[in-house]
Amino acid sequence: MSVPKFRTSINDFLEGLPETVLIRLFYSPATCLAIFRLLPAMAQLFIMAMLFNDKPVAATDLNLWVQEGSTSKQYDALEKLRGMHLVKQSQGMLTLQKTFRAGLRNALSGGDHNNSFGIPCDTEDKHKVDIEFLDEHANNQWELILHFMVGTDTGKIPNNGVLSLLRHSGLMEGSTPANMRITNAGFQFLLQDVNAQIWTLLLQYLNMSEDLHMDAVEVLHFLFMLGSLELGQDYSLAALSPTQKIMLDDLRDYGIVYQRKSSSRRFYPTRLATTLTSDTGALLTASASMDSAIAQKERDTGFVILETNFKVYAYTDSPLQIAVLNLFVHLRSRFANMVTGQISRESVRKALSNGITADQIVTYLTVHAHPQMRKSTPLLPPTVVDQIRLWQLEMERMKAVEGYLYSDFSSKSEYDTIAGYARDLGVMTWEKPNKRMFFVSKEGNQQIVDFVRRKVHSGA
Amino acid sequence: MPRAVKGVLVECDPSIKALILSIDSKSHNIVLADLDDEHLLIDVPMLEHVKRQLDSQLAENTFKPAELDDIQRK
C-alpha cells in the first residue's frame, strides 16, 4: 500500500538531515511527539523503555524485549533510531539523545513552555466556524487541486502557489494554467489516498522552501505542530515566526488550514492537518478519534463494485472519482448517483502506458470497494485481478536489445577466446556455443572489435 | 575470421516468435536470423514496425466483451 511508503519517505527525509538540524528540531516537544508517532512500533517500544531511565541501557538488554525470530525487525528499528540520531551507541550501551528525551518527556507529561503545540485563542471568535464547515472547506480546497489536475472544468483555478508546487513536483507540466497537463507522476499521485497525497505535496514544499531560503527546521516544526492540533479549535498567530506566517498563506491554499481573511489573527486547522502524523488508530484525543471514525464511515465508504465479468459499477457522483476511474475503466453510462463501465484490455493498456501499474489499479479497487464487496473473500474477483496483471505482462512480452551477432568462427578455440572475453566484460546478452554464435550489446561491441583485430594481427 | 551482423536481439516466448515469423513471411525483410526457440535477430529499423504489427495482431486475437455488448444492444 502507498501509505507506509510515504510514511517512510518523511522518515527518510528526516534521516537525511544532518545531526545539528535534527537536534534543533528536537527542541520542540510537538516535533518530538510527531517523530515518535512516525516510528515503527518496535522503535517506539525501545524509546519508551529508555525514556524515563536516565542511565544508559545495555544493547543486549533489548534482546529480552524482542521475540526470537524478530531480530531483523530489531535491527531495522535500531538502525532507524541511529539514523535519526535518536539513540547513541557506545561500548554496547545505548543512550537516548538528551534533547529528544527532554522534548518527548515534556510532550507526554506536560510542562511545555515553548508553545510548540500552538496557542488556542483566548478571545471568542465572532465568526466561529464548526467542524462540518472545516471539513467542507478542506474538501473543497483539496478537490479543487485534484480537479484541476484531471482537467475537470470547474471554472476555478488554484492559486499561483499551488500551480508552481504542482509544476515543481513534476505532477503537471506547462507554463500557463490553460496549457498545464498532468504527467505520469501525476496519474500515480491521483491513485493514492489523501494522506499520502498531502505528504507528497508537503515534501515537495519542503524541497522548494529550501530554494526560497526558508528555514527547513521552522517549516518542519510548523508541519508537526499542525499534526498535533485539535480540530475545531482556533489558534492564535502570535506564536508563529515570520516564516511560519508565510507558510500559513500557502497551506491555506491547500485546505490544510482555514483563515477567514489573510489578515485574521487566528487560524483553524482542518482534518487534513490534524491527521498528518496519525494513523486513524492513533489520534490525539478520544473525541477526535471518535469524530474521525464516524466521518470515515460516512465519507470513505467504498463505492466501487467489480464483477467477475469485468463490469464496474461505481456509486458516486463526484466528477473527481469518475475522472480517476476513467483512467483505467472504459466508462459506458452515467446515472444520477452512479456510473457503469467495463475494464477492458484497451482501458488497462491505456492506463499502463500512462505509467500506472497493475498493482496500483488493484490497490485502488481494493481500497474503494463497496461494502457489499467486502462480504466476499477474496475481496476482488481473482479472475479480474489476474487478468489485469497479465495485461501488464503482455506489455512486456518482447525484450529487444540492439547490438551485434557474431558468427562464422573458424575454430572452437577462436570462439572460446573471443566469447570468453565478451563474457568477462559482461557485454554478452546471448550465446549458443554449439552453433558458435553469440550476441553483444551495442555499447560493448567496440571493445570486442578491437580485441578481434588484435587477435588477428598477432595471429597473422 | 568471425563475422559480426548488426541487429536487434529479440527475446520472447515461442508464441510471439511465431507471430513475428508470420509477419516476416510477407516481406522477408525483417528477420535476419532465427537463433533458437526464444531468440530472433531482426533488422534495427524494422523494430518499431514489428512492435506495431504485433500489437495490432494481438489486439485482433483478443475477445472484446465491450464491443460484443454494443452489437447485442443493436
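Residues numbered from 1 in each chain as written. Chains lettered and ligands numbered in written order. Predicted model: local features only at pLDDT ≥ 70, side-chain atom pairs only at ≥ 80, totals over all residues. Heavy atoms only, no water.

Draft legend 1. Just the side chain of Glu414(A), in detail. Summarising the element assignment, Glu414(A) is placed in helix H20 (residues 412–425). Buried charged residue Glu414(A) carries no salt bridge. Nearest counter-charge: Arg436(A), at 7.3 Å. For Glu414(A), the residues in contact, after removing those within four places along its chain, are Phe409(A), Met1(B) and Pro2(B). (Helix = DSSP H or I, 4+ residues; strand = E, 2+ residues; numbered from the N terminus. Buried < 20%, exposed > 50% of the residue type's maximum accessible area, 1.4 Å probe, protein only. Lys, Arg positive; Asp, Glu negative; His and termini not counted. Salt bridge = Lys/Arg side-chain N within 4 Å of Asp/Glu carboxyl O. Contact = heavy atoms within 4.5 Å.)

Draft legend 2. Focus on the sheet that holds strand E7 (residues 257–258) of chain A. Residue and element names in this part refer to chain A. Here we have 3 strands laid out as an open sheet, ordered E6-E8-E7, and antiparallel in their pairing. Two strands bound the open sheet, and with one partner strand each, they are strand E6 (235–236) and E7. As defined by bridge partners, E7 adjoins strand E8 (residues 266–269) across 2 bridges and the pair is classed as antiparallel. Looking at the pairing, Tyr-258 lines up with Tyr-268 of E8. (Pairing = 2+ DSSP bridges.)

Draft legend 3. Focus on unusual backbone geometry. Residue and element names in this part refer to chain A. Cis geometry marks the peptide bond from Thr-377 to Pro-378, where omega comes out at -10°. By secondary structure assignment, the location of Pro-378 is in the loop between helix H18 (358–367) and helix H19 (382–395). One non-glycine residue, His-85, adopts positive backbone phi at about 60°. Following the sequence through the fold, His-85 ends up in the loop between helix H6 (71–83) and strand E2 (87–90).

Draft legend 4. Structural detail: the packing of aromatic side chains. Residues and elements named next belong to chain A. Applying the stated criterion across every chain yields a total of 13 aromatic pairs over all chains. A ring pair is formed by Phe-133 and Tyr-258, whose centres lie 5.1 Å apart and whose planes are at 75°; its orientation type is edge-to-face. Pair noted here: Phe-133 is in helix H8 (residues 131–150) and Tyr-258 is in strand E7, with a separation of 125 residues, a long-range link. When its relative accessible area of 35% is taken as the criterion, Phe-133 is described as partly exposed. For the ring pair Tyr-235 and Phe-267, a centre distance of 6.2 Å and an interplane angle of 35° mean the geometry is tilted. (Phe/Tyr/Trp six-rings, centres within 6.5 Å; stacked < 30°, edge-to-face > 60°.)

Draft legend 5. Molecular detail of a nonpolar patch on the surface. Together, Leu45(A), Leu64(A) and Trp65(A) make up a nonpolar patch on the protein surface, roughly 360 Å² of accessible area in all. Mapped onto the elements of the fold, Leu64(A) is located in helix H5 (residues 61–65). (Patch = residues over 30% accessible without salt bridge, like charges linked within 9 Å, V, L, I, M, F, W, Y side chains within 5 Å. Areas by Shrake-Rupley, 256 points an atom, 1.4 Å probe, with all protein chains shown as cover.)

Draft legend 6. Representation of the confidence of the model for chain A in the model. Residues and elements named next belong to chain A. Across chain A, the average pLDDT comes to 80, with 90% of residues at 70 or higher. Here residues 1–8 is a poorly scored stretch, pLDDT under 50, and it has 14 contacts once near neighbours within four places are set aside; other chains count. Ignoring residues within four places in sequence, the model shows residues 280–299, a span with pLDDT below 50, making 21 contacts including any to other chains. (pLDDT = per-residue confidence, 0-100.)

Draft legend 7. Highlighting the UniProt feature "transmembrane region" (unreviewed entry) in chain A. UniProt records the feature "transmembrane region" (unreviewed entry) at residues 21–52 of chain A, using the numbering of this structure. Helix and strand shares over residues 21–52 of chain A are 84% and 0% respectively, and the end C-alpha atoms of the span are 24 Å apart. (UniProt positions renumbered as here; feature names shortened; annotations may be inferred.)

Draft legend 8. Examining a positive patch on the surface more closely. On the surface, Lys126(A), Arg260(A), Lys261(A) and Arg265(A) cluster together to form a positively charged patch. Here Lys261(A) is to be found in the loop between E7 and E8. (Charge placed at Lys NZ, Arg CZ, Asp CG, Glu CD.)

Draft legend 9. Representation of the pairing of strand E1 (residues 3–11) of chain B. Sheet topology note: the strand E13 (residues 399–407) of chain A/E1(B) ladder contains 9 bridges and is antiparallel. In the strand pairing of E1(B), Ser407(A) is matched with Arg3(B). Direction of pairing for E1(B) relative to strand E3 (residues 39–42) of chain B: antiparallel, over a ladder of 4 bridges. Each residue of the ladder has a partner; that of Val8(B), found in E3(B), is Ile42(B).

Draft legend 10. Geometry of the interface of chain B and chain A. Tallying the contact residues gives 37 residues for chain B and 30 residues for chain A. Both sides together, the interface formed by chain B and chain A hides about 2800 Å², and carbon and sulfur atoms give 57% of it. Counting every contact that joins chain B to chain A gives 4 salt bridges. For Asp408(A), the salt bridge identified is with Arg3(B), shortest N-O distance 2.8 Å. Run the count over chain B and chain A and you get 9 residue pairs in polar contact (both at pLDDT 80 or more). At the level of secondary structure, the elements contributing two or more residues to the side of chain B that touches chain A comprise E1, helix H1 (14–27), strand E2 (31–36), E3, helix H2 (47–60) and helix H3 (65–73) of chain B. For the side of chain B that touches chain A, the leading source of residues is E1(B), giving 9 residues. Residues that form the side of chain B that touches chain A fall into these classes: 21 nonpolar, 4 polar and 12 charged. (Buried area = accessible area lost by both parts, 1.4 Å probe. Polar contact = N/O pair within 3.5 Å; in protein donor to acceptor, adjacent residues only side chain to side chain. Nonpolar A, V, L, I, M, F, W, Y, C, P; charged D, E, K, R; others polar.)

Draft legend 11. The arrangement of the environment of Ile119(A) in detail. Residues and elements named next belong to chain A. Tracing the backbone shows Ile-119 in the loop between helix H7 (98–109) and H8. The class of Ile-119 is partly exposed, set by a relative accessible area of 27%. When the C-alpha atoms of Ile-119 and Leu-240 are compared, they prove to be 9.5 Å apart, with 121 residues separating the residues in sequence. In contact with Ile-119, not counting residues within four places along its chain, are Asp-234, Tyr-235, Ser-236 and Ala-239.

Draft legend 12. Examining the pattern of salt bridges more closely. Under the counting rule described, the total for this entry stands at 21 salt bridges over all chains. Across the pair Arg101(A) and Asp54(A) runs a salt bridge, and its minimum N-O distance is 3.7 Å. On the criterion of sequence distance, the pair formed by Arg101(A) in helix H7 and Asp54(A) in the loop between helix H4 (41–51) and strand E1 (57–58) is long-range, its members being 47 residues apart. Overall, Arg101(A) belongs to the buried group, its relative accessible area being 10%. Looking at Asp54(A), the relative accessible area reads 56%, which means it is exposed. Linking Asp416(A) and Lys412(A) is a salt bridge whose minimum nitrogen-to-oxygen distance equals 2.9 Å. Here the residue Asp416(A) and the residue Lys412(A) both occupy positions in helix H20, the gap between them amounting to 4 residues, near one helical turn. If you follow the salt bridges from partner to partner, you end up with Arg345(A), Glu346(A), Arg349(A), Glu394(A) and Asp55(B) in one network.

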